[in-house]
Amino acid sequence: MQLLSIKDCDIKNKKVFIRCDFNVPIDDYGNINDDRRIRSAIATIQFCLDQGCAIILASHFGRPKGEVDPKYSLAPIARRLNQLLRVDVKMAEDVVGTSAMSLAKALKSGEILLLENLRFEKGETKNDPALSASLASMAEVYINDAFGVSHRAHSSVEGITAHFDDAHKAAGFLLQKEIQFFSTLLERPVRPFAAIVGGSKVSGKLEALINLLPRVDKVLIGGGMAFTFLKALGYNVGNSLVEDDLLEEALNIMAEAKRLGVKFYLPVDVVAAEKFAPDAASRLCTVQEIPSGWMGLDIGPATVRLYRQVLNDVQTILWNGPMGVYEMDRFARGSNKIAHFVADSYATTVVGGGDTADLVQRIGLDEEISFISTGGGASLELLEGKILPGVKPLLKKG
Ligand code: AMP
């Protein structure tokens, strides 16, 4: 998959519109908890600065539902950009109103303007053509560097691309890196290739599992989804999270894995709890002995050992989805142990965004992973084999 590259675009001294993903976690006091997404966009912004561009940055932040809500203002992001770029970042008061339009018009080479939260505009998530046209009218070149939102057909991601020909639109460095990593992973991984798939439900990862099966050598299941597989095999999983309507599908997936010669692993033991609570009574037990009425909330130590053994000889590891309810300390050990093993591995290690990226970061292992995606939903759709709506218009023809 070849993308129109920012390097092949004539952006010298031009006015460029860069769609970024600055949707970072912020605490109750407005402090940015994790600025990885902002830092990930710096390479593209810096490149445009070096080319003498006037730069318009745009992003969504949170879910303000099409209304102006100061709680979701991008002002804290502008401050962080100031610090990281050491360039004064002008902040518009709106998205396509008089403030944004006049600031964009007056913007000079080497200057940066940040628009207000794109989702203050109702049309953004509806891919409204009028909004796309207004956003496009601000610049001569469009760059998408917002991988985390490229699976959404939104005005600033998809609709806007129709206003620029192939010489005037491109993928930024972050988007290129994400797409390249995932296409290499899916098209020519170094083998053996193992996928660790966890998270809450089978339904959320079903398509990804089906698409991954013909491409991997091993699948290791964890998290809540393991219990649908275990129940399908006839185990009594108590009150663990189970999707009864997917029992048949779970059996099909395991049968398909067998047919393809893919080694398919399920947990052999769990941390079972009396209820879904951080202070719940809990105990370790094998999957054969989950007390009735209890629920499995993490993989147990025997599974951790087994999975380490399974991962010992692999050259590529893809990890998407936690092994347990990692938000509660008592049920985070399985995920932590697997994270440490993945981080120490000599294999190429890829972590899908969202919860898995979050947990790896919480324990300070992010530097040890070959690649951590900045988009949970977007990376999952790539694993499902989809072409993202924000990426499709940026594909090189021929
Ligand atoms: P997902 O969004 O599907 O990747 O799921 C992530 C969520 O799965 C996290 O919030 C975890 O707390 C949750 N999770 C992981 N293991 C379990 C489990 N055994 N039971 C219930 N929820 C779980």
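By convention here, each chain's residues receive numbers from 1 onward along its written sequence. Residue-level local features of this predicted model are given only where pLDDT is at least 70; pairs of side-chain atoms are given and counted only at 80 or more, and the full residue set underlies all totals for whole chains, interfaces and linings. To obtain the side-chain values, all non-hydrogen atoms of the structure were included, while hydrogens and water were left out.

(A) Region of the structure containing the overall build of the protein chain. Looking only at helices and strands, the protein chain features 12 helices and 15 strands. Residue exposure (1.4 Å probe, protein chains only): buried if accessible area is under 20% of the type maximum, exposed if over 50%, otherwise partly exposed. Per-residue burial for the protein chain yields a buried fraction of 57% across its 398 residues. Pairs of residues are marked as contacts when any of their non-hydrogen atoms sit within 4.5 Å. Expressed as a percentage of contacts within the protein chain between residues at least 6 apart in sequence, the contacts between residues at least 24 apart total 73%. Residue exposure ignores everything except the shown protein chains as possible cover, and the areas themselves are Shrake-Rupley values with a 1.4 Å probe. About 17200 Å² of surface is accessible on the protein chain, with carbon and sulfur atoms providing 48% of the total. Looking at the protein chain, you have 45 positive and 49 negative side-chain charges, and the mean spots of the two groups are 2 Å apart. Under the scheme used here, helices are H or I runs from DSSP no shorter than 4 residues and strands are E runs no shorter than 2 residues, and both carry numbers assigned from the N terminus. Charge assignment: positive for Lys and Arg, negative for Asp and Glu; neither His nor the chain ends contribute. In this description, the location of a charge corresponds to atom NZ of lysine, CZ of arginine, CG of aspartate or CD of glutamate.

(B) Structural context of a positive patch on the surface. Taken together, the side chains of Arg305, Arg308, Arg333 and Lys337 make up a positively charged region of the molecular surface. Within the residue set of the positive patch, elements represented by two or more residues are α9 (301-311) and α10 (333-344). In this structure, Lys337 sits in helix α10. Every patch collects residues that have over 30% relative accessible area and no salt bridge, joining them within 9 Å if they carry like charges and within 5 Å if they are nonpolar side chains (Val, Leu, Ile, Met, Phe, Trp, Tyr). Counted as salt bridges are all cases of a side-chain nitrogen of Lys or Arg within 4 Å of a carboxyl oxygen of Asp or Glu.

(C) Structural context of the pairing of strand β8 (residues 218-221). Burial along β8 is two-sided: Lys218 and Leu220 facing one way and Val219 and Ile221 facing the other are all buried. For two strands to be treated as a pair, DSSP must find no fewer than two bridges joining them. Where strand β7 (residues 193-197) lies against β8, 4 bridges are found, and the strand directions are parallel. Paired with Ala195 across the strands is Val219, a residue of β8. When the strands point away from the viewer and the path from the first strand over the helix to the second turns clockwise, the crossover is right-handed. Handedness of the β-α-β unit built from β7, helix α6 (residues 202-212) and β8 comes out right-handed. Note: β8 against strand β9 (residues 263-265), 3 bridges, orientation parallel. Note that in β9 the partner of Val219 across the bridge is Phe264.

(D) Representation of the packing of aromatic side chains in the model. Ring pairs are drawn from Phe, Tyr and Trp, using the six-membered ring of Trp, whenever the two centres fall within 6.5 Å, and their geometry is named by plane angle: stacked under 30 degrees, edge-to-face over 60, tilted for the rest. Evaluation of the coordinates by the stated rule reveals 8 aromatic pairs. Centre to centre, the rings of Phe61 and Tyr72 are 6.3 Å apart; their planes meet at 75°, and the pair counts as edge-to-face. Of this pair, Phe61 sits in the loop between β2 (54-58) and α2 (75-85) while Tyr72 sits in the loop between β2 and α2, and the two are 11 residues apart along the sequence. Comparing Phe61 with Tyr72 shows no difference in burial state: the two are buried. Aromatic side chains Phe181 and Phe371 sit 4.2 Å apart centroid to centroid with 5° between the ring planes, which places their arrangement in the stacked category. A residue pair is termed long-range when its members are at least 10 positions apart, and Phe181 in helix α5 (residues 173-187) and Phe371 in strand β15 (residues 371-372) qualify at 190 residues.

(E) Structural view of the pairing of strand β1 (residues 15-19). Of all 5 residues making up β1, 5 are buried, and the element is well covered by its neighbours. Here β1 shows a buried face lined by Lys15, Phe17 and Arg19 and a second buried face lined by Val16 and Ile18. Of the crossover connections in this fold, the one passing from β1 over helix α1 (residues 36-50) to the parallel β2 is right-handed. The pairing of β1 with strand β5 (residues 141-144) spans 4 bridges and is parallel. Across the sheet, residue Val16 finds its bridge partner in β5, namely Val141.

(F) Representation of the site of the ligand. Working definition: residue near molecule or strand if any one of its non-hydrogen atoms lies within 4 Å of it. Near the ligand, the surroundings consist of 13 residues, among which Ser200, Lys205, Gly296, Glu327 and Asp355 are the closest. Lys205 is positioned such that a nitrogen or oxygen atom in its side chain is 3.0 Å from an oxygen atom of the ligand. For the ligand, the protein covers 80% of the area, taking 500 Å² as the surface of the free molecule. Each residue is assigned to one of three groups, with Ala, Val, Leu, Ile, Met, Phe, Trp, Tyr, Cys and Pro labelled nonpolar, Asp, Glu, Lys and Arg labelled charged, and all others, Gly among them, labelled polar. Grouping the amino acids of the shell around the ligand by side-chain chemistry returns 4 nonpolar, 6 polar and 3 charged. Counted as a polar contact is a pair of N or O atoms within 3.5 Å, where, for protein atoms, one must be capable of donating a hydrogen and the other of accepting one, and residues adjacent in sequence contribute only when both atoms are in side chains.

(G) Quick peek at the packing of α1 against α2. Orientation is described by lines fitted to C-alpha atoms, with helices fitted over the stretch in contact, and by angles between N-to-C directions that extend from 0 to 180 degrees. At a minimum axis distance of 11 Å, the contact between α1 and α2 shows a crossing angle of 60°. Considering the angle they form, α1 stands oblique to α2. Classified by chirality, the crossing of α2 by α1 is right-handed. Here Ile38, Arg39, Ile42, Ile45, Gln46 and Leu49 of α1 come into contact with α2, specifically with Ile77, Arg80, Leu81, Leu84 and Leu85. Here the residues of the contact of α1 with α2 are counted per class, giving 8 nonpolar, 1 polar and 2 charged. Just so you know how the angles are binned, under 35 degrees is roughly parallel, over 145 roughly antiparallel, 65 to 115 roughly perpendicular, and the rest oblique. By convention, the crossing between two helices is left-handed when the near helix turns anticlockwise from the far helix through less than a right angle, and right-handed when the turn is clockwise.

(H) How the structure looks around the environment of Thr184. Within the secondary structure layout, Thr184 lies in helix α5. Note on Thr184: relative accessible area 31%, which makes it partly exposed. Along the primary structure Thr184 and Gly398 are separated by 214 residues, whereas in three dimensions their C-alpha atoms are 19 Å apart.

(I) Structural view of the sheet that holds β1. Taken together, 6 strands build an open sheet; the order of strands is β3-β4-β2-β1-β5-β6 and the sheet is parallel. The open sheet terminates on both sides in strands that have one partner only, identified here as β3 (89-91) and β6 (169-171). The average angle at which neighbouring strand axes cross in this sheet is 25°, direction not considered. For β5 and β6, the ladder comprises 3 bridges, and the chain directions are parallel. From the neighbouring strand, Ile143 faces β6, where its bridge partner is Ala170.

(J) Just the environment of Asn144, in detail. Mapped onto the fold, Asn144 is located in strand β5. Overall, Asn144 belongs to the buried group, its relative accessible area being 0%. Through-space distance from the C-alpha of Asn144 to that of Leu394 is 8.6 Å; in sequence the pair is 250 residues apart. When neighbours within four sequence positions are excluded, Asn144 is seen to be in contact with Arg19, Ser150, Val157, Ala170, Ala171, Gly172, Leu175, Gly390 and Leu394.

(K) Seen up close, the sheet that holds β7. One open sheet accounts for 6 strands, arranged β9-β8-β7-β13-β14-β15; its pairing is parallel. With partners counted over all chains shown, the strands left at the sheet margins are β9 and β15, one partner each. One ladder, built from 5 bridges, connects β7 with strand β13 (residues 316-320); its direction is parallel. Counted as the bridge partner of Ala194 is Ile317 from β13.

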